[in-house]
Number of protein chains: 2
Amino acid sequence: MTELEQIKQDYVTQWGALGSQWGINRTMAMIHAHLLVSPTALTTDDLMEALSISRGNANTNLRELVSWGLIRSVVMRGERKDYYEAEKDVWKIFCIVARERKRRETEPASMVLQDCISRSKSIKSAEGKELHKQLTSLNEFVSLANNIMEKVSTKGDSTIIPKILKVLN
Amino acid sequence: MTELEQIKQDYVTQWGALGSQWGINRTMAMIHAHLLVSPTALTTDDLMEALSISRGNANTNLRELVSWGLIRSVVMRGERKDYYEAEKDVWKIFCIVARERKRRETEPASMVLQDCISRSKSIKSAEGKELHKQLTSLNEFVSLANNIMEKVSTKGDSTIIPKILKVLN
DNA sequence: TTGTATTTTCAGTAATTAATGAAAATTAAG
DNA sequence: CTTAATTTTCATTAATTACTGAAAATACAA
């Protein structure tokens, strides 16, 4: 194994280990990492061999990555196998992650809160009013995060971030 | 069970179910949700009873929530039991979440990338140069997210968010 | 200091998620 | 249309995470 291959393998392995901190499974993170640094689109067989995983596992996680929008299927003329490549533009990755975070985290949370807020609205007791107030306050935070991610993920302009950083400084 | 109690229970249960999407376990999310809407600080026994969980489970998750900074232990005069309360200021919650996301997600990811970037720097092949380039690009994205979360979590001023939203619009 | 209250720990169990590998289903080439 | 390549599915197993409950450790009151 060359130094290059060792570096690549370490990167993919460690990236995979971090996956579970991000709420995705290790294999999905490893596949993504591998495709991110691959100069060419790869087949299921390529990935099975590179990562020592089963065909079923590869298939499941490739489909999940496609649903995230982080990778796409590529048609290769003259080939019957599906090829996959990763989205490599870091700005686009950023938007995808923000969008998916919104979809999987802040939107469902806000829906739960809104339901409980509307149900608690008509409760007259002091305790009920306090619950209503607290849930409303919490929903403001969640909606705010939702709003920020919505805006970030729909901005087609990578110059937006320097502007945000300017405000922060 | 009153309507109020039903709403509270639904909120806690559903919040708990969302926890696994956020990378925390269901019980930890439920404890946090319960403390967030509790008018008073609560004991381990209170939580055990309210959420039907074991003492060991309660202890483990309370300690984890304390390490996140989302709850704190409260000294009650004349009481031997530990009481816990949640941080209820939504702006502070926002900062805590940003800080912990940074600590658990973007910082470790950036460390992995930086290590691999420095190791790939001396590789002369075209493939090595391409790997170096792609890892560097990816690290820019991760460092950017890191930077934003650093700034957000250390700003002691809740007026910063309207400014960010203004830039986004 | 003793006894009891309280918290923490941890061996073992339970629950959930991830993965395998072979069969079923689908697709494409001849 | 047939055959083979390829992908998807799914029953089962494996791995990982979460939880229990009792014992150990710690803290506090008398």
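Scope of this entry: the structure provided in the associated data block. As the structure is a computational prediction, the values presented were derived from the model and not from experiment. (Residues numbered from 1 in each chain as written. Chains lettered and ligands numbered in written order. Predicted model: local features only at pLDDT ≥ 70, side-chain atom pairs only at ≥ 80, totals over all residues. Heavy atoms only, no water.)

### Digging into the relation of the copies chain A and chain B
Consideration 1: Between chain A and chain B, the superposition needs a rotation of 180 degrees and an axial shift of 0.0 Å, giving an RMSD of 0.1 Å. In symmetry terms, the pair is related by a two-fold rotation axis. Residue G23(A), judged by its C-alpha, is the member of chain A lying nearest the rotation axis, at 2.6 Å.
Consideration 2: Both copies contact each other with a shared surface, as 100% of the interface residues of chain A are interface residues in chain B too. (Least-squares fit on C-alpha atoms with pLDDT ≥ 70 in both. Contact = heavy atoms within 4.5 Å.)

### A closer look at the packing of aromatic side chains
Consideration 1: Tallying each qualifying case throughout the model produces eight aromatic pairs over all chains.
Consideration 2: A centroid spacing of 5.6 Å and a plane angle of 15 degrees characterise the contact between W91(B) and F94(B), whose relative ring orientation is stacked. Residue W91(B) and its partner F94(B) are both found in helix α5 (residues 90-120); the two are separated by three residues, about one turn of the helix.
Consideration 3: Overall, F94(B) belongs to the buried group, its relative accessible area being 13%.
Consideration 4: Among the aromatic residues, ring-to-ring pairing joins Y11(A), W15(A) and W22(A) into one connected group. (Phe/Tyr/Trp six-rings, centres within 6.5 Å; stacked < 30°, edge-to-face > 60°. Helix = DSSP H or I, 4+ residues; strand = E, 2+ residues; numbered from the N terminus. Buried < 20%, exposed > 50% of the residue type's maximum accessible area, 1.4 Å probe, protein only.)

### Quick look at the protein's contact with DNA strand C
Consideration 1: T27(A), S54(A), N59(B), R63(B) and D82(B) are the nearest of the 15 residues found near DNA strand C.
Consideration 2: Within the side chain of T27(A), a nitrogen or oxygen atom sits 2.2 Å from a phosphate oxygen of DNA strand C.
Consideration 3: Note that a phosphate oxygen of DNA strand C is positioned 2.3 Å from one of the backbone N or O atoms of D82(B).
Consideration 4: Elements represented by at least two residues in the surface near DNA strand C include exactly α4 (55-68) of chain A together with α4 (55-68) of chain B.
Consideration 5: Here the surface near DNA strand C gets four residues from one element, more than from any other, and that element is α4(B). (Near = heavy atom within 4 Å. Polar contact = N/O pair within 3.5 Å; in protein donor to acceptor, adjacent residues only side chain to side chain.)

### A closer look at the protein's contact with DNA strand D
Consideration 1: The environment of DNA strand D is made up of 15 residues, and the closest members are N59(A), R63(A), D82(A), T27(B) and S54(B).
Consideration 2: Between DNA strand D and the protein, one listed contact pairs a phosphate oxygen with a side-chain N or O atom of R63(A) at 2.5 Å.
Consideration 3: Those elements that place two or more of their residues in the surface near DNA strand D are α4 of chain A together with α4 of chain B.

### Here we look at the interface of chain A and chain B
Consideration 1: Taken residue by residue, the interface counts 54 residues in chain A and 54 residues in chain B.
Consideration 2: In total, chain A and chain B occlude about 5400 Å² of area from one another, counting both sides; carbon and sulfur atoms represent 75% of this.
Consideration 3: One salt bridge in this structure joins E127(A) and K8(B), with 3.7 Å as the shortest N-O distance.
Consideration 4: The interface formed by chain A and chain B contains four residue pairs in polar contact (both at pLDDT 80 or more).
Consideration 5: For the side of chain A that touches chain B, the secondary-structure elements that each account for two or more residues are α1 (3-19), α5 (90-120), α6 (126-154) and α7 (160-168) of chain A.
Consideration 6: The greatest single-element share of the side of chain A that touches chain B, amounting to 15 residues, is contributed by α6(A).
Consideration 7: For the side of chain A that touches chain B, the class distribution of residues is 32 nonpolar, ten polar and twelve charged. (Buried area = accessible area lost by both parts, 1.4 Å probe. Salt bridge = Lys/Arg side-chain N within 4 Å of Asp/Glu carboxyl O. Nonpolar A, V, L, I, M, F, W, Y, C, P; charged D, E, K, R; others polar.)

### Thoughts on α5(A)
Residues and elements named next belong to chain A.
Consideration 1: Its 31 residues place the ends of α5 43 Å apart at the C-alpha level, agreeing with the 45 Å of an ideal helix rising 1.5 Å per residue.
Consideration 2: K102 marks the point of greatest bend in α5, at about 40 degrees.
Consideration 3: If you check the start of α5, you find a side-chain oxygen 2.8 Å away from the backbone N of W91, and it comes from D89. (Expected span 1.5 Å × (residues − 1). Bend = angle between axes of the 7 residues up to and from the residue.)

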